[in-house]
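Summary of the model geometry
Next come the chains, spelled out residue by residue.
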Amino acid sequence: MGKMKLGMIILFFLVGVSPGANGWSWTETTKRPWITESPSCWWNCGYDLGSCSCSSSCQYYGDCCHDYHDYCDTATTTDDTTPASPSCRWNCGYNLGSCSCTSSCQYYGNCCYDYHAYCYTTTTTGAPDTTSESPSCRWNCGYNLGSCSCSSSCQYYGNCCHDYHDYCYTTTTTTTTTGTLETTSESPSCRWNCGYNLGSCSCSSSCQYYGNCCHDYHDYCDTTTTTGAPDTTTESPSCRWNCGYNLGSCSCSSSCQYYGNCCHDYHDYCYTSPITAALDTTTGGAPCGGDLTNSRGEFFSPQYPNNYPNNANCTWRLLASERQTVNLTFMFVDLEACCDFIRVYDGPSAAYPLLGRVPQDQRYHFNSSRNYLTVVFSSDSSVTRQGFRALWEFAGGAPCGGDLTNSRGEFFSPQYPNNYPNNANCTWRLLASETQVVNLTFTFVDLEACCDFIRVYDGPSAAYPLLGRVPQDQRYHFNSSRNYLTVVFSSDSSVTRQGFRALWEFAGGAPCGGDLTNSRGEFFSPQYPNNYPNNANCTWRLLASETQVVNLTFTFVDLEACCDSIRVYDGPSAAYPLLGRVPQDQRYHFNSSRNYLTVVFSSDSSVTRPGFRALWEFAEMPYCRGNCGYSFSRCSCASSCQYYGNCCHDYYTYCSATTKRPPVTHPTCGGRLFDSGSISSPYYPNYYHDNAYCVWQLSAPAGQRIFLSFVDLELERCCNCDYIYVYDGSTTASSLLGKLCYNDTTLRDFRSSSSYMTVLFRSDGSGVARGFKASFSSSLPENTARVVCSSDSMTIVIQRSYLNSLGIGWQNLYVDDHRCRPSANSYEVSFNFPIDMCGTSKTTNNGRVVYNNHVRAAPTQSGEITRQLEQFLLSVRCHMEQDTTVGTVYKVKEMINNTISGTGRFNASMAFYPSSSFSYPILQFPYEVSLNQYLYVQVQLSRADNTLDLLLDSCVASPNHDFQARSYTLIQNGCAKDSTVYIYTNGRQYYAQFHFRAFKFLRTHSYVFLQCRVIVCADSDYNSRCRQGCRMRKKRSLDSSHHTETVTLGPITLKGAKAESAAEVEKEE
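Since the model is a prediction, treat every value here as computed from it, not as a measurement.

Some remarks on the overall build of the chain
Along the chain, the regular secondary structure elements total 21 helices and 56 strands. Of the contacts formed within the chain by residues at least 6 apart in sequence, a portion of 69% connects residues at least 24 apart. Summing over all exposed atoms, the chain offers an accessible surface of approximately 50,000 Å²; the carbon and sulfur share of this is 48%.

What about the sheet that holds strand β3 (residues 313-319)?
Pairing between the strands of a sheet is mediated by backbone hydrogen bonds and can be parallel or antiparallel. Reading across the sheet, the 5 strands line up as β1-β3-β8-β5-β6 and stay open at both edges, with mixed pairing between neighbours. Looking at which strands have only one partner, the edges of the open sheet turn out to be β1 (290-292) and β6 (354-358). Across the sheet, the mean angle from the axis of one strand to that of its neighbour is 20°, orientation sign disregarded.

With respect to the pairing of strand β8 (residues 372-378)
Residues in a regular strand project their side chains so that they alternate between the two faces of the sheet. Burial runs high along β8: 6 of the 7 residues are buried. Pairing between β3 and β8: 7 bridges, direction antiparallel. Within the sheet, the bridge partner assigned to Asn313 lies in β8 and is Ser378. Here strand β5 (residues 341-345) runs beside β8; their pairing, made up of 5 bridges, is antiparallel. Bridge pairing links Phe341 to Ser378 in β8.

Details of the pairing of strand β2 (residues 296-300)
Burial within β2 is extensive, with 5 of its 5 residues counted as buried. In β2, alternate side chains face the same way, and those of Arg296, Glu298 and Phe300 on one face and Gly297 and Phe299 on the other are all buried. Sheet topology places β2 next to strand β9 (residues 387-395); 5 bridges connect them, and they run antiparallel. What sits directly across from Phe300, in β9, is Arg389.

Focus on the sheet that holds strand β23 (residues 565-569)
Here 5 strands make up an open sheet; going across it, the order is β19-β21-β26-β23-β24 and the pairing mixed. Each of the sheet's edge strands pairs with one partner strand only, and the pair in question is β19 (514-516) and β24 (578-582). On average, each strand axis in the sheet is inclined to that of its neighbour by 20°, with strand direction left out of account.

Side note on the packing of aromatic side chains
Taken as a whole and assessed by the stated rule, the structure comprises 44 aromatic pairs. Between Phe330 and Phe388 the ring centres are 5.7 Å apart and the planes differ by 70°, which places this aromatic pair in the edge-to-face class. Here the residue Phe330 occupies a position in strand β4 (residues 325-334), and Phe388 occupies one in strand β9, the gap between them amounting to 58 residues. Across this residue pair, the class does not change: Phe330 and Phe388 are buried. Every member of this aromatic cluster is reached through a ring pair, and the members are Phe299, Tyr308, Trp316, Phe330, Phe366, Phe377, Phe388 and Trp392. The ring centre of Phe341 lies 3.9 Å from the NZ or CZ of Arg343, which sits over that ring.

Points about the pattern of salt bridges
A side chain with one charge can pair with a side chain of the opposite charge if their charged atoms come near. One pass over the structure, following the stated rule, counts 15 salt bridges. Note that Asp291 is salt-bridged to Arg317, the shortest N-O span being 3.0 Å. Of this pair, Asp291 sits in strand β1 while Arg317 is found in strand β3, placing the two residues 26 residues apart along the sequence. With relative accessibility at 30%, the residue Arg317 sits in the partly exposed group. What you see here is one network of salt bridges that share partners, running through Asp712, Glu714 and Arg770.

Some remarks on the environment of His218
Within the secondary structure, His218 sits in helix α10 (residues 217-220). What makes His218 buried here is its relative accessible area of 16%. The spatial distance from the C-alpha of His218 to the C-alpha of Cys190 is 8.8 Å, given a sequence separation of 28 residues.

Brief notes about unusual backbone geometry
Each neighbour pair has its own omega, and for Tyr304 with Pro305 the value is 10°, a cis peptide bond. Of note, Pro305 is situated in the loop between β2 and β3. Each neighbour pair has its own omega, and for Val358 with Pro359 the value is 5°, a cis peptide bond.

A look at the confidence of the model for the chain
Low pLDDT means the predicted coordinates in that region are not meant to be read closely. Put simply, the chain has an average pLDDT of 75, and 75% of its residues get 70 or more. Here residues 1-37 is a poorly scored stretch, pLDDT under 50, and it has 52 contacts once near neighbours within four places are set aside; other chains count. Segment residues 1057-1069 is flagged for pLDDT under 50; beyond a separation of four residues in sequence, or across chains, it makes 11 contacts in the model.

Rules used in this analysis
- Residues numbered from 1 in each chain as written.
- Predicted model: local features only at pLDDT ≥ 70, side-chain atom pairs only at ≥ 80, totals over all residues.
- Heavy atoms only, no water.
- Helix = DSSP H or I, 4+ residues; strand = E, 2+ residues; numbered from the N terminus.
- Contact = heavy atoms within 4.5 Å.
- Areas by Shrake-Rupley, 256 points an atom, 1.4 Å probe, with all protein chains shown as cover.
- Pairing = 2+ DSSP bridges.
- Axes fitted to C-alpha atoms, helices over the stretch in contact; angles between N-to-C directions.
- Buried < 20%, exposed > 50% of the residue type's maximum accessible area, 1.4 Å probe, protein only.
- Phe/Tyr/Trp six-rings, centres within 6.5 Å; stacked < 30°, edge-to-face > 60°.
- Lys NZ or Arg CZ within 6 Å of the ring centre and 35° of its normal.
- Salt bridge = Lys/Arg side-chain N within 4 Å of Asp/Glu carboxyl O.
- pLDDT = per-residue confidence, 0-100.

Pasting the structure below:
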């Protein structure tokens, strides 16, 4: 912090003196000081004049006006201000504010005048060389040194180091100047910049009007100008017809005498009484409001640095030129907290949008969106304080890229808020100190959706991992893992839009706890991604609005298993019920029952690890109004909620006349069920009770089968404690179809071989969970009718013998779209069509996508309609599994309707890409790569569907197609297992992307193949496996009767020269 403060002090001094260095002449006499271009102390002793001061404190701060000693300092006879500054005589090692007696002052150039006399024993006698005390460009060309810069952009931003032109700016020629100040070599040159605005000066033709032309504008850009110096009198605006107006680069209003920006002929036309216009010097201090038009400067609260008065009401308008914006920073603020305030408005008056309040909003830096800012200061009639000090600067519109090193601020697309240009390619680097991280938020985004984009990289260049794309990834907040972030903006050659506005802030690593109130975001263990410290004790409170609940997911967890833990509580403190412990409970997703969650992280005094990363989101809470007697996944409006403590927030308002606890009775479970319906655990979706024992006997009409599909499953994390058995018959003595418990990774489906199926659910007396829900229906045997589904198509097959037994001709069949007709051979009738056509509808049931259609019979061509044809209806349903597809056609309750069942898979493809932009796939076969080359892989559904998410659950490499015999794991359980794997996106889109390096198999085998297992979820299901992302625990493999959707890619082979020397490479290692 000490270094940062020193850097800010130096910036203030540079800003204070640069106007004088660039535009003011000290060679004129002072008989009429109001005519000079710099403020004069002639009538202003005791006042601070903005760019310089006539108060006694100026000798301490070093900002005295040029004639201060002539009119205001009667005790001073020379210009020697040394005695007025702090002394190092007794202060070696201390920072004294305006100067420093610490050794670092030689680097920052703010040593006190006698530092070398008392504190620097190795310094030779004589005054120190101040040039060497500030950062030098001698060996640092192209770098940003903090308090100043040696990169070429410094000429635009005006923060070049003192010797930049000596070592880094070779194209600047020597130009003689008048007086003692030589400004030519230090200011930007027009030699190659005609038509551009360079920040501190301009090379565009308008500079002659605004009076801000660069020193060599007439040498290179103004071909119509005669030789010799231009007549600046005629080039600057005139007050002849403009008394009382502000003309931009100068002013013809009376306040110009205070701010020192009067036009050259103000006194000739507008200033009739210099004596009466003199400022009242009895009170001292800064004035209350005014129009500020200089390119940079400072303004203050009234009477600053003394206390401001009561009932003050001051308005400052910062008025830049049309193509500029205003940067405003409050360097010092001391106001009465309750009642006095500063408001900053984004326009020329207080009628424009409010940017913020100081100090209430804890924000001290503001950027205008246009060329105006308005600042309003008000005080009440009671307590007063010292006030404020503010620094402003006009900038030439939003630039295209740059290095951003301030602790916080904003940046914009080029020409914002106007449309950005075509073919833009801008790079911003956000460079924090070593112990900090970068927080970036896009507060406004308007880009051409197809072709213009923003990419955010987790490092100092675009070669580092991609954090996300805006707006494609629908993500607008980013956190760096180190002290760098890189933002790249690109536009194509067609449509442009308004662009973006981004806010950044540097933070001291991931903080330890805090209140989180944004609707969504991420938080981390302290010092993440570095190891957390010992003896950490951090508490985060996630505070939603009254009608919301909190969803929390841990996307990464690496803790010391024995001793460090995360606890999640269902309320605003740790005194509320414990929802779970991470990682001990092997649970990584939590939902609150109200609008609060509390997360407590603690570590012991021994081993530490990288920690955790968590994602939260606020969602709307269910209501009991109109829902009495019903239960929801998060809370209940049934009377039993009073016993289980899960009543919705308005249950007692709408559903309960009494708050007495109901008697402890458990609902009956199990029973005999026929044809179709659903079954669920007791109290579902709330927790089932201890020692439950439920048996359901399901039966179908004769000759049909039972199809059972689980749509939700959450049991106690002990397979021998709570479980479900599914039997292929009418009793529990029948053959077992399968067992389900907590570690089943996907929802499963079962099909009986007869007309009966039995389901048993059992819980012990230890822990409970939310339970399960399953649906069942009757189904025709597969040798009668079946349906095959994929993410692309639906195929329905019916045996002709079955139709003949009903007296139905296949030519009369159609689906929900009568234009879709079947084809037939000697044995079968089949429909085959794209899954999103022919009247197919799509619904979501507990996160599972379901496609529906029907097979109907039309009248015969003769016009006769039989009773059977009128009642023939087959209802077709495809349940899209997370990693398989299951199809059913179920019975509708009419005379000749039956059910068809079938299975299928989502269709996915995998391809290599040449770079992380994933713009186009590599078509080379086989794909020849170099050893240790990065390989970029994208897996996606064959049909783009933004309502679906795809998760890479596992990816392995093998030297052949036998991935079981010998393989190398790249991704497992959605987590990167190889150190070279970086996952760009996974589980949030209909595609997934990652990269890895060519691996060891390429040294010893001619070819290598890649195989990935994918899971598909509904995007609207925030509890889905896809949303959980990386899960650290090992998962149980699926039963052999349920197929895993896998995609295979390859082969990959080494490039020729590498392949020939593969054996030699192996020996070397």
